[in-house]
Amino acid sequence: MPQALYIADCRLQIADCRLQIADCRLHATIYNLQSAICNSQGAPMSLTTLPLRIQAEVRNIWLGERLDTVIPAVLARAGLDMWLVIAREYNEDPVIMSLLPEPAMSARRRTILCFARRPDGTVERLTLDRYGHGAYYQRAWDPDAESQDACLARIVAERDPQRIGVNVSETFAFGDGLSHHEHERLLAALGPQYAARLVSAEAAAVGWLETRTPAEISAYTPIIAMGHNLIARAFSREVITPGETTTDDVVWWMRQTMHDAGLRAWFHPTVEIQAPGQRYDAEERRSVIMPGDLLHCDVGFAYMGLCTDQQQHAYVLRAGEAAAPTGLRHALAEGNRLQDILIGAMKVGRTGNTVLRDALGQARAAGLSPSIYTHPLGYHGHAAGPTIGLWDQQGGVPGNGDYPLYDRTAYSIELNVTCALPEWDDQEVRVALEEDALLSGGVVSWLDGRQTELHLI
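Attention in this report is confined to the structure presented alongside it. If you're wondering where the values come from, they're calculated on a predicted model, not measured in any experiment.

**What about the layout of surface pockets?**
Right, so step 1: The space that makes up the largest pocket amounts to roughly 920 Å³.
Right, so step 2: Counting only elements with at least two residues in the lining of the largest pocket, the list comes to α2 (52-78), α3 (96-99) and β10 (301-303).
Right, so step 3: Top contributing element to the lining of the largest pocket by residue count: α2, with nine residues.
Right, so step 4: A per-class count over the lining of the largest pocket returns 19 nonpolar, seven polar and eight charged.

The structure is reproduced here in structure tokens:
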């Protein structure tokens, strides 16, 4: 074997070994997380995260798999011959950071990614920027030889695509990342012939973001379990002393605990009280947590690029009580019934609005008082994909709700039911639940179970 080929082969073997080591580290971490969760049995468990360097290695493994498998599929589905993703530093397109390998933190000056479909369905991946992105993209621009715009025009003309996708969309923010100036600059660079072939890449952008790979799915369960553990600790005597602790105390404990563990809160958590004389919709609310209160939390974080989003309830026991009032336990069970109805209606190919209509119809026929506002989950908290209701749009959501459900996508199953509580003089109580689930193989399943019993404090 010639020496140059031998050296190249050795480098490939070394790189492959590094990928295998990183993959083993990931699986070991998932195993350790799952073991700790299973062994905790209600005992406090620390939130364990990977060192940043290992996170980067693992996420790059995922990116390589995604670029090889997801990109060809979504471009074919969208009917695009080419997809251009263009962004400037600190004005990043919503999609571009998910396309760049670690440790990239911005687009760096002006970055252009070009995905060109070949006749056999494979995709050529090019980057037009000054710094490159390793083996993930082929560098196609020599700044010393031509301008960036001239390079782009040449690449497009050489490949002669009939449909060129760019990120402009009326419906999805995820597909609308091309800024006004960059759009104008692109039109000028391509000229009338190719500018006339520009179409929305909305379907490619949303499809790329919403699709979960097998590796991501494997990692998602322990990540969701970390969120459940966070809530279990927050709704315990570790954090709450009735008569002293306020809802803000619990909120900031959750926020600080996430931060200390290396988890990024993607929204500020909330904790709310319902109690006799204090409805869920009361304008003025007591903030000090007392015995007899029903607590509700909403919390979510991002880790390894994947988001969680969860809502659960706790009951603060009164003196002499060993369980929550029967009416509260019944209300939670009603919330579980609504969850079952909704996930049963979530079928591949159905639109979000169809799922919403069918689930609400079934729930009302079953005697429930439902509200459904479920959303996709993934690289963003309110992520790319079909909207299944909004709290203030229970008749359907034009545009986002007309998008269909695809397989291998994740969702935050978010909803509520209201019930009259006999123990509180028939005061109406709202049970608002949010649990994370996966649609895979045509079936919706919980990523780490759901709340079926109230946390007791």
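**Quick word on the sheet that holds β10**
Right, so step 1: Strand order in this open sheet of three strands is β7-β10-β11, and the pairing throughout is antiparallel. The strands lining the two open edges of the sheet, one partner per strand, are β7 (264-265) and β11 (306-307).

**Observations concerning the sheet that holds strand β3 (residues 123-128)**
Right, so step 1: Within the open sheet, the six strands sit side by side as β4-β3-β2-β1-β5-β6. Their pairing is mixed. The sheet is open, and its two edges are formed by β4 (138-139) and β6 (198-200), each paired on a single side.
Right, so step 2: As defined by bridge partners, strand β1 (residues 82-88) adjoins strand β5 (residues 164-166) across three bridges and the pair is classed as parallel. In the strand pairing of β5, Met 82 is matched with Ile 164.

**Concerning helix α5 (residues 180-195)**
Right, so step 1: With 16 residues, α5 should cover 22 Å at 1.5 Å per step; its first-to-last C-alpha distance of 15 Å lies more than 12% under that length.
Right, so step 2: The sharpest bend along α5 measures roughly 70° and falls at Ala 189, with the proline Pro 192 sitting one to four residues further on.
Right, so step 3: Within α5, burial applies to Glu 182, Leu 186, Ala 189, Leu 190, Gly 191, Tyr 194 and Ala 195.
Right, so step 4: Lining the buried residues of α5 we find β1, β2 (110-117), α4 (148-159), β5 and β6.

**Things to note about the packing of aromatic side chains**
Right, so step 1: A complete count under the given rule lists five aromatic pairs for this structure.
Right, so step 2: A network of ring pairs unites the aromatic residues Trp 83, Phe 115 and Tyr 137 as a single cluster.
Right, so step 3: Taking NZ or CZ as reference, Arg 66 lies 4.2 Å from the ring centre of Trp 208, over its face.
Right, so step 4: In this arrangement the basic side chain of Arg 212 is found over the ring face of Tyr 379, its NZ or CZ atom lying 4.7 Å from the centre.

**A word on the packing of α2 against helix α7 (residues 214-234)**
Right, so step 1: With their axes 9 Å apart at the nearest point, α2 and α7 run at an angle of 140° to one another. The angle between the axes of α2 and α7 places the two elements in the oblique class. Residues Trp 62, Glu 65 and Arg 66 of α2 touch α7, and the partners they reach there are Pro 214, Ala 215, Glu 216 and Ala 219.
Right, so step 2: In the contact of α2 with α7, the residues fall into four nonpolar, no polar and three charged.

**Notes on the nonpolar core**
Right, so step 1: Membership of the largest hydrophobic core comes to 76 residues, with the highest contact counts inside it found for Ile 71, Trp 83, Leu 99, Phe 115, Trp 208, Phe 235 and Leu 295.
Right, so step 2: If you tally residues by element for this core, the top one is α2, at 10 residues.
Right, so step 3: Once residues within four sequence positions are removed from consideration, Phe 235 is found in contact with Ile 240, Val 271, Leu 295, His 296, Cys 297, Gln 312, His 313, Ala 314, His 455, Leu 456 and Ile 457.
Right, so step 4: In terms of nonpolar packing, the next biggest core, distinct from the first, is built from 35 residues, Tyr 315, Leu 332, Leu 342 and Ala 363 among them.

**Describing helix α6 (residues 202-210)**
Each α-helix turn comprises 3.6 residues. Residues three or four places apart therefore point the same way.
Right, so step 1: When you tally the buried positions in α6, you get seven out of nine residues, the bulk of the element.
Right, so step 2: Those residues of α6 that sit buried are Ala 204, Ala 205, Val 206, Gly 207, Trp 208, Leu 209 and Glu 210.
Right, so step 3: Looking at the packing, one finds that the buried side of α6 touches α2, β1, α3 and β15 (409-421).

**A look at the pairing of strand β16 (residues 427-440)**
Along any regular strand the residues' side chains alternate between the sheet's two faces.
Right, so step 1: With 11 of its 14 residues buried, β16 lies for the most part within the structure.
Right, so step 2: Here β15 folds back onto β16, and the loop between the two strands holds five residues, one of which, Asp 425, carries a positive phi near 55°.
Right, so step 3: Relative to strand β17 (residues 443-446), β16 is paired through four bridges, and the arrangement is antiparallel. Of the residues in β17, the one forming a bridge with Ala 437 is Trp 446.
Right, so step 4: Linking β16 to β17, which pair antiparallel, is a turn of two residues; within it Gly 441 sits at a positive phi near 65°.

**Focus: the packing of helix α9 (residues 326-345) against helix α10 (residues 352-365)**
Right, so step 1: Two elements in contact, α9 and α10, have axes separated by 9 Å at closest approach and are oriented at 145°. Handedness of the α9/α10 crossing: right-handed. Residue-level contacts link Leu 338, Ile 341, Leu 342 and Ala 345 of α9 to Val 355, Ala 359, Gln 362 and Ala 363 of α10.
Right, so step 2: Taken together, the residues that form the contact of α9 with α10 break down as seven nonpolar, one polar and no charged.

**Description of empty space enclosed by the protein**
Right, so step 1: Taken as a whole and judged by the stated rule, the model has four cavities of 30 Å³ or more.
Right, so step 2: Considered as a void within the structure, the largest cavity measures approximately 70 Å³ in volume.
Right, so step 3: Forming the boundary of the largest cavity are Glu 272, Ile 273, Gln 274, Tyr 280, Arg 285, Leu 294, His 296, His 313, Arg 430 and Ala 432.
Right, so step 4: Breaking the lining of the largest cavity down by element, the ones donating at least two residues are β8 (270-274), β9 (294-299) and β16.
Right, so step 5: Take the lining of the largest cavity: its biggest share by element is three residues, from β8.
Right, so step 6: Of the residues contributing to the lining of the largest cavity, the split by class is four nonpolar, three polar and three charged.

**Looking at the pattern of salt bridges**
Right, so step 1: The final tally for this structure, using the stated rule, is 23 salt bridges.
Right, so step 2: The residue Arg 286 makes a salt bridge to Asp 293 at a minimum N-O spacing of 2.8 Å.
Right, so step 3: A residue is classified by how much of its surface remains accessible, and Arg 286, at 32% relative accessible area, is partly exposed.
Right, so step 4: Close ionic contact of Arg 450 with Asp 340 constitutes a salt bridge, the shortest N to O distance being 3.0 Å. Of the two residues, Arg 450 sits in the loop between β17 and β18 (455-456) while Asp 340 sits in helix α9, which places them 110 residues apart along the sequence.
Right, so step 5: With a relative accessible area of 25%, Arg 450 lands in the partly exposed category.
Right, so step 6: Under the relative-accessibility criterion, Asp 340 is labelled partly exposed at 38%.
Right, so step 7: Because the salt bridges share partners, they merge into one network encompassing Arg 88, Arg 110, Asp 149, Glu 182 and Arg 185.

About the thresholds
- Numbering of residues begins from 1 in every chain and follows the order in which that chain's sequence is written.
- Whole-chain, interface and lining totals are the exception, using all residues; otherwise, since this is a predicted model, local features are given only for residues with pLDDT of at least 70 and side-chain atom pairs are given and counted only at 80 or more.
- Working from all heavy atoms in the structure, the side-chain values ignore hydrogens and water.
- As defined here, a cavity is a set of points on a 1 Å grid over the protein atoms alone where a 1.4 Å probe fits but cannot get out. A pocket is an open set with protein on both sides within 12 Å along at least five of seven lines, and residues line them when an atom is within 4 Å of a point.
- Grid points are joined across faces, edges and corners, and a volume is the space filled by probe spheres set on the points.
- Secondary structure elements follow DSSP: runs of H or I of four or more residues count as helices, runs of E of two or more count as strands, with numbering from the N terminus.
- Under the convention adopted here, Pro, Cys and the residues Ala, Val, Leu, Ile, Met, Phe, Trp and Tyr are nonpolar, Asp, Glu, Lys and Arg are charged, and Gly plus all remaining residues are polar.
- DSSP calls a pair of strands paired once it identifies at least 2 bridges connecting them.
- In a helix, the anticipated span is given by 1.5 Å times the number of residues less one.
- The bend at a residue is defined as the angle formed between two axes, one fitted to the seven residues ending at that residue and one fitted to the seven starting there.
- For each residue, the accessible area found with a 1.4 Å probe, counting protein chains only, is set against the maximum for its type, and the residue is called buried under 20%, exposed over 50%, and partly exposed in between.
- Note on definitions: a residue-residue contact is assigned when non-hydrogen atoms from the two residues lie within 4.5 Å.
- Stacked, tilted and edge-to-face are the three classes assigned to paired rings of Phe, Tyr and Trp, where Trp is represented by its six-membered ring and a pair needs centres within 6.5 Å; plane angles under 30 degrees give stacked, over 60 edge-to-face, the rest tilted.
- We call a charge positioned above a ring when the Lys NZ or Arg CZ atom is no farther than 6 Å from the ring centre and deviates by at most 35 degrees from the ring normal.
- Axis lines are fitted through C-alpha atoms, for helices just across the contact stretch, and the angle between N-to-C directions can take any value from 0 to 180 degrees.
- If an angle is under 35 degrees, it is roughly parallel; if it is over 145, roughly antiparallel; if it lies from 65 to 115, roughly perpendicular; otherwise it is oblique.
- Buried Ala, Val, Leu, Ile, Met, Phe, Trp, Tyr and Cys residues form a nonpolar core when they are joined through side-chain atoms within 4.5 Å.
- By convention the crossing between two helices is left-handed if the near helix lies anticlockwise of the far one by an angle smaller than a right angle, and right-handed if it lies clockwise.
- For this document, the term salt bridge refers to a Lys or Arg side-chain nitrogen within 4 Å of an Asp or Glu carboxyl oxygen.

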